[in-house]
Amino acid sequence: MSSVLPVAHALVARKDLPVPVWLFAWAASIVLIVSFFALSVGWRTPRLEEDRWRPFGTGLSRVLLSFPAQAVYGALGVFLLGVAIYAGLHGTEAPDRNFALTFLYVTTWLGFPLFSVLLGDVFRPFNPWRAVGRAVGGAFTAVAGQRPAHLRYPERLGRWPAAVGLIAVVWLEIVYGASGGVAVGLDPHAAALAALIYSAYTLAMMALFGCEQWCRTGEVFSVYFGMFGQLGCFAAKGGGLGVRRPLAAATRWATVPGSAAVVIASIATTSFDGAQEGAFKGALESTFNDLVDAGIGLTSALRLTDTIFIVLCFLGVGLVYLVGVRGMAGVAGAPSLRKLRMGFAHSLIPIAFAYLVAHYFSLFVFQEQAQFTYLLSDPLGTGTTDLLGTASAGVDYRLLSANAIWYVQVGALVIGHVTGLALAHDRATAYWGDYRQAARSQYWMLAVMIAFTCFGLYLLSVANA
Amino acid sequence: MNSNTTRALLGAAAVVLAVVLLIVLKNGGSDTTATTKGVTTIVVEDGKPVGGIKQLTYNKGEEVRFRVDSDVSDEVHMHGYDIMKDVKAGGSVSFDFPATIEGVFEAELEGRKQQILELTVNP
């Protein structure tokens, strides 16, 4: 039996055209030339190991970080999550007309990485679970007269819960949602239920291990958005706002175990989403048909197929990175394998961000028009509510030309590539005292970066093809 | 890095570049996809498109023309362009509009959530 693989499009009415062959070739050539050029002109002593944070705008930060202001951010976060869950449970089942899906999966999931890179870790103050956790903790301290006692968080677990959670969040959207053999994505009701379950799980973990500890290592959204926040030049520290060297904070991010898994999971899930209609289409179809032939129901076979391929993406991306690490370990004067493995993970953050921009930039631009017009005015999608008078507005799909999308996609990958190389190079100069050995170790990371960037370009060139 | 290594690397880069250019020149012709001419008919039987989801390709500015012959009553929704037309069981409905938005779009039987057409508009 041979079935055409049904693919989910909950929200996207306009999909991107594949990047044309000539642009693909130009971009790949630029990537190669830039990479080899970078090797010969690289700096010889580390420049990013210290972030040189210094405070700025003390008056401004006193207002922005004051207790009442923080209470407002937290309350806003809780309110918006509440609206999303309520809309999902009680609103329309049409994914594109319900506030829940666009708010959770586009505005939040794609918006915070972007704003974190630009403004620092902006999710932290709005994090609804952290707000609830802190409020409960504060109330406990006031009533009991002592701070709540927590279990000791297992050090070795590190950020693994966040890495697994990240895959689960994307899995819910593009694997579980692609069910039923029809062109429907995740239904808002299921998204709301998942948000409720996740909230219960998160609050329980916060009660066990402490709110801040769980946000640092286990809470998916804090860890994931916080990771992108390391790239930018703004950060709050010790109760004040400040500026620091761009990229420098990222050099310390991966010191927690499992951090590499988080960034690899990000690259892998974006790759899968980008490849499922292009590069992987044939392989997915044949696996799906094999599973159906083996007697598995259509929906289960589809979910199982996609799940297998997401896991394969994770293993594949991880393997490429580990090969690079293994190669570096062979260069004279290399530190231990474990130190190398953790020491270069942060250089993949720009690649992960570039993948996000390349694959979701147009979706974000289109869907945010919906978010700030009809979805805000009629969150339940009932057609009878019009809070802001914008309920009848539509999405202007003419806003971006195909050329504009291609240039943003390719530009993001090239910039991400160069940034990743810079981070890896800087770390190598810190690990190898001898510059010549440092440069030699970077042949390996160069190969890793070129593999990811060219794979990303390839995915774009066969998208929907 | 000594000059020998640099030269070797530049040589390697040049080779890779040459290979890429060769591939491009070889595939240069395949970049322009043939566009659809005339009126295409999509036949819907038991609520599904006969022969699978129909693919139509146009260049921007051309006229998109297709007809849906359906044995079920539903609403045909051309996404992106947001054109909706009802079709009765055993009836047919015609679409004729200029391809003004670039991208890949789908047309669905809205009630059944069944995709029947993939429309590609190249710049």
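What you see is a predicted model; the values in this text were computed from it and never measured. Chains are numbered independently. Their residues run from 1 in the order of the written sequence. Following the order in which they are written, the chains are lettered starting with A and the ligands numbered starting with 1. Totals for whole chains, interfaces and linings use all residues, but because this is a predicted model, local features are given only for residues with pLDDT of at least 70 and pairs of side-chain atoms are given and counted only at 80 or more.

Enquirer: Give me the overall build of chain B: which residues, what numbers.
Expert: Secondary structure elements follow DSSP: runs of H or I of four or more residues count as helices, runs of E of two or more count as strands, with numbering from the N terminus. Counting its regular elements, chain B contains one helix and nine strands. Its helices and strands in sequence order give chain B the pattern α-β-β-β-β-β-β-β-β-β, from N to C terminus. Taking all 123 residues of chain B together, 27% fall into the buried category. Restricting the contact set of chain B to residue pairs at least 6 apart, pairs at least 24 apart contribute 59%. Buried, partly exposed and exposed are defined by the number of other C-beta atoms within 10 Å of a residue's own C-beta, namely 20 or more, between the two limits, and 12 or fewer respectively, with C-beta atoms placed from the backbone. Once C-beta atoms have been placed from the backbone, residue pairs whose C-beta atoms lie within 7 Å are recorded as contacts.

Enquirer: Explain the pairing of strand E5 (residues 74-78) of chain B to me, and be specific about the residues and the numbers.
Expert: Residue and element names in this part refer to chain B. With respect to burial, E5 is a largely interior element, four of its five residues being buried. Bridging between E5 and strand E6 (residues 83-87) involves five bridges; their strand directions are antiparallel. Bridging from a neighbouring strand, histidine 77 pairs with methionine 84 of E6. Between the antiparallel neighbours E5 and E6 lie four residues, among them glycine 80 with a positive phi of about 80°. Strands are labelled as partners when DSSP assigns at least two bridges between them.

Enquirer: If you had to explain the sheet that holds strand E1 (residues 54-55) of chain A to someone new, which residues and values would you point to?
Expert: The three strands are arranged E1-E3-E2 (chain A) in an open sheet whose pairing can be described as antiparallel. Two strands in the sheet have a free side with no partner beyond their single neighbour: E1 and strand E2 (234-237) of chain A.

Enquirer: An account of the confidence of the model for chain B is needed here, citing residue identities and associated values.
Expert: In the predicted model, chain B carries a mean pLDDT of 83, and 74% of its residues have values of at least 70. For this predicted complex, the interface confidence score (ipTM) comes to 0.81, while the overall pTM stands at 0.90. pLDDT: the predictor's confidence for each residue, scored from 0 to 100.

Enquirer: An account of helix H8 (residues 160-176) of chain A is requested, with residue identities and associated values reported.
Expert: Residues and elements named next belong to chain A. Considering bend angle alone, the principal kink of H8 is centred on valine 170 and spans about 30°. Buried within H8 we find Pro161, Ala162, Ala163, Gly165, Leu166, Ile167, Val170, Glu173, Ile174, Val175 and Tyr176. Residues of H8 that are buried in the fold lie against helix H4 (99-108), helix H10 (211-217), helix H11 (220-229), helix H12 (259-275) and helix H14 (298-329). Two axes enter the bend calculation: one fitted to the seven residues ending at the residue in question, the other to the seven starting there, and the bend is the angle between them.

Enquirer: Explain the environment of Leu101(A) to me, and be specific about the residues and the numbers.
Expert: With respect to the helices, strands and loops of the structure, Leu101(A) is situated in helix H4. Measuring from C-alpha to C-alpha, the distance between Leu101(A) and Ala192(A) comes to 8.6 Å, with 91 residues separating the pair along the chain.

Enquirer: Help me get a handle on the packing of helix H1 (residues 21-41) of chain A against helix H18 (residues 402-431) of chain A, residues and values and all.
Expert: When two helices pack together, their arrangement is given by the angle between their axes and by how far apart the axes lie. All names here are of chain A. Axes here refer to lines fitted to C-alpha atoms; in helices the fit is confined to the stretch in contact. Angles between the N-to-C directions go from 0 to 180 degrees. Here H1 crosses H18 at 15°, and the two axes come no closer than 10 Å. Classified by the angle between their axes, H1 and H18 sit roughly parallel to one another. Like other packed secondary-structure pairs, H1 and H18 cross with a definite hand, here right-handed. Between H1 and H18, the residues in contact are Leu23, Ala27, Ile30, Val31, Val34, Ser35 and Ala38 and Trp406, Val410, Leu413, Val414, His417, Val418 and Leu421, respectively. Grouping the constituent residues of the contact of H1 with H18 by class yields twelve nonpolar, two polar and no charged. Roughly parallel means an angle under 35 degrees; roughly antiparallel means over 145; roughly perpendicular covers 65 to 115; every other angle is labelled oblique. Crossing handedness follows the turn of the near helix against the far one: under a right angle anticlockwise gives a left-handed crossing, and clockwise gives a right-handed one. Just so you know the grouping, Ala, Val, Leu, Ile, Met, Phe, Trp, Tyr, Cys and Pro go in nonpolar, Asp, Glu, Lys and Arg go in charged, and all remaining residues, Gly too, go in polar.

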